[in-house]
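Chain residues, written in single-letter form:
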Amino acid sequence: MTNTVSNPDTFVLFPLGKKRFALPARQVNELARQDEPQTFPHTTPLLTGVVLRRNQIVPVADIAPVLIGPDAPARKFYLVVSRHTKGRVSRTAIPVTGECELANAEQLPVTGKLPAYVSGLLSLRGEIVEVLDLDHLMSVEVFA
Amino acid sequence: MVLFSVAGSMFAIPARSVEEIREIAGLREFPSRLARVKHTVLRQGKCYFVVDAARHFRMSSQQPGKLMLLRHAPVAVLVDAIDRMQEIQSIHELPAAFGGDERNWYRGLTLIKGKVVPVVHPESFLSKAEVTLLSVLLRGKRSAEAAAVTA
């Protein structure tokens, strides 16, 4: 039997309603106040439009309905994150409902029946926070 | 680029791909299996299949007011309004996160006075295969009409 010891890593904790979720900090580019997204017709699930950030057109992915259901409170900020899409790194804006927090913690393996887009768990002062795999969360398979 | 609007959204299409813009008149009913093609229109003896842009982009139809006849194929696009002609500086690639039908609909996105406007692929309104199938259907319909007149 082999024991593996993980070093603590840095995560960005963000609220969606009453629950908090985490993303690896290396994936997060910035936290910005929410602008109204610009919309045009498309058929990609979760995408609600695009925003202009630093002369770039950044898609907005509202993941709240998947994570906490349709009654999520108003989103106040965008977490702009880097994602690997089709072999390329691209930025996506994730609307969140409140202030974010940095946390150093050891990522624990997933236990029990959790959706496949949960890549790990953080245990923070009695609170269990799910670490999200955004690429998986936004993949077509989730909606198939 | 020609800027046009459908159900409150603005789109751009290369001006070179538009043969003519005209009022909606002379539409003939043409029941087809494609929900977005329900009419044809004649121009100088050539029959164009009319694509309802609102249905094409899965939007609720508003008040179609113009027809854009395309150059590359016998396709006319029913739109709400033609806004204006506009030169554009650049076309941004559609962000990779967009993975649905829009990858076929759009060449990319352009910025016009801070507004993000999709630049449409003219070929996406009807594929070559769809035009072929509709042409066969049209020939069949004409033959049936001719036979009925003869009888």
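Let me begin by describing the structure that accompanies this report. (Residues numbered from 1 in each chain as written. Chains lettered and ligands numbered in written order. Predicted model: local features only at pLDDT ≥ 70, side-chain atom pairs only at ≥ 80, totals over all residues. Heavy atoms only, no water.)

### Some thoughts on the overall build of chain B
Broken down by element type, chain B carries three helices and eleven strands. Element order for chain B, N to C, with α for helix and β for strand: β-β-β-β-β-β-α-β-β-β-α-β-β-α. A globule of 151 residues ought to have a C-alpha radius of gyration of about 15 Å, and chain B, at 16 Å, matches this closely. Overall, chain B is about 60 × 30 × 25 Å in size when its C-alpha atoms are taken along their principal axes. (Helix = DSSP H or I, 4+ residues; strand = E, 2+ residues; numbered from the N terminus. Rg over C-alpha atoms; globule rule 2.2 N^0.38 Å.)

### A closer look at the pairing of strand S7 (residues 66-70) of chain B
All names here are of chain B. Of all five residues in S7, four are buried, a share of seventy percent or more. Alignment of strand S3 (residues 18-23) against S7, held across five bridges, turns out to be antiparallel. Bridge pairing in S7 links Arg22 to Leu67. Bridge count between S7 and strand S8 (residues 75-79): four bridges; the pairing is antiparallel. (Buried < 20%, exposed > 50% of the residue type's maximum accessible area, 1.4 Å probe, protein only. Pairing = 2+ DSSP bridges.)

### Digging into the side chain of Thr97(A)
Residues and elements named next belong to chain A. Secondary-structure assignment places Thr97 in the loop between strand S7 (88-96) and strand S8 (101-105). Given the relative accessible area of 10%, Thr97 is considered buried. Within the structure, Thr97 has its side chain in polar contact with the backbone oxygen of Pro15 (distance 3.0 Å). Within polar-contact distance, the side chain of Thr97 engages the backbone nitrogen of Gly17 at 3.1 Å. (Polar contact = N/O pair within 3.5 Å; in protein donor to acceptor, adjacent residues only side chain to side chain.)

### Observations regarding the sheet that holds strand S6 (residues 46-52) of chain B
Strand order in the open sheet formed by six strands is S3-S7-S8-S6-S5-S4 (chain B), with mixed pairing between adjacent strands. A strand with exactly one partner marks an edge of an open sheet, and here the two such strands are S3 and strand S4 (28-29) of chain B.

### Quick word on the nonpolar core
Residues Ile63(A) and Phe125(B) are the most contacted members of the largest nonpolar core, which totals 64 residues. If you look at the next biggest cluster of nonpolar residues, it comprises nine residues, including Phe11(A), Ala103(A), Ala105(A) and Leu122(A). (Core = buried A, V, L, I, M, F, W, Y, C linked by side-chain atoms within 4.5 Å.)

### Regarding the interface of chain A and chain B
Chain A puts 16 residues into the contact, and the matching count from chain B is 25 residues. Carbon and sulfur atoms make up 67% of the area that chain A and chain B hide from each other, which totals about 1700 Å². When the buried surface of chain A facing chain B is broken down by residue, Phe40(A), Pro41(A) and Ile57(A) rank first, second and third, together holding 35% of it. Counting the contacts that link chain A with chain B gives zero salt bridges. Inspection of the chain A/chain B interface yields eight residue pairs in polar contact (both at pLDDT 80 or more). If you list the elements that add at least two residues to the side of chain A that touches chain B, you get strand S4 (47-53), strand S5 (56-61) and strand S6 (77-85) of chain A. The element best represented in the side of chain A that touches chain B is S4(A), accounting for four residues. Here the residues of the side of chain A that touches chain B sort into seven nonpolar, six polar and three charged. (Contact = heavy atoms within 4.5 Å. Buried area = accessible area lost by both parts, 1.4 Å probe. Salt bridge = Lys/Arg side-chain N within 4 Å of Asp/Glu carboxyl O. Nonpolar A, V, L, I, M, F, W, Y, C, P; charged D, E, K, R; others polar.)

### Considerations on the side chain of Thr92(A)
Residues and elements named next belong to chain A. Considering the arrangement of structural elements, one finds Thr92 in strand S7. Judged by its relative accessible area of 0%, Thr92 falls in the buried class. A distance of 3.5 Å separates polar atoms of two side chains, one belonging to Thr92 and the other to Arg83. Residue contacts for Thr92: discarding those within four places in its chain leaves Val58, Pro59, Ala61, Leu79, Val80, Val81, Arg83 and Met138.

### Quick notes on the sheet that holds strand S9 (residues 118-124) of chain A
Residues and elements named next belong to chain A. Taken in spatial order, the five strands make up an open sheet running S8-S1-S2-S10-S9, and their pairing is mixed. Here the strands that pair on one side only, and so sit at the sheet edges, are S8 and S9. Put simply, the sheet's adjacent strands are angled 40° from each other on average, direction ignored. (Axes fitted to C-alpha atoms, helices over the stretch in contact; angles between N-to-C directions.)

### Details of the packing of aromatic side chains
Two measures describe an aromatic ring pair: the distance that separates the ring centres and the angle between the ring planes. Inspection of every chain in the model, using the stated rule, returns eleven aromatic pairs over all chains. A centroid spacing of 5.3 Å and a plane angle of 90° characterise the contact between Phe57(B) and Trp105(B), whose relative ring orientation is edge-to-face. On the criterion of sequence distance, the pair formed by Phe57(B) in the loop between helix H1 (53-56) and S7 and Trp105(B) in helix H2 (residues 102-105) is long-range, its members being 48 residues apart. By relative accessible area, Trp105(B) is classed as buried at 3%. Grouped by ring-pair contacts, the aromatic residues Phe40(A), Phe4(B), Phe11(B), Phe57(B), Phe98(B), Trp105(B), Tyr106(B) and Phe125(B) constitute a single cluster. (Phe/Tyr/Trp six-rings, centres within 6.5 Å; stacked < 30°, edge-to-face > 60°.)

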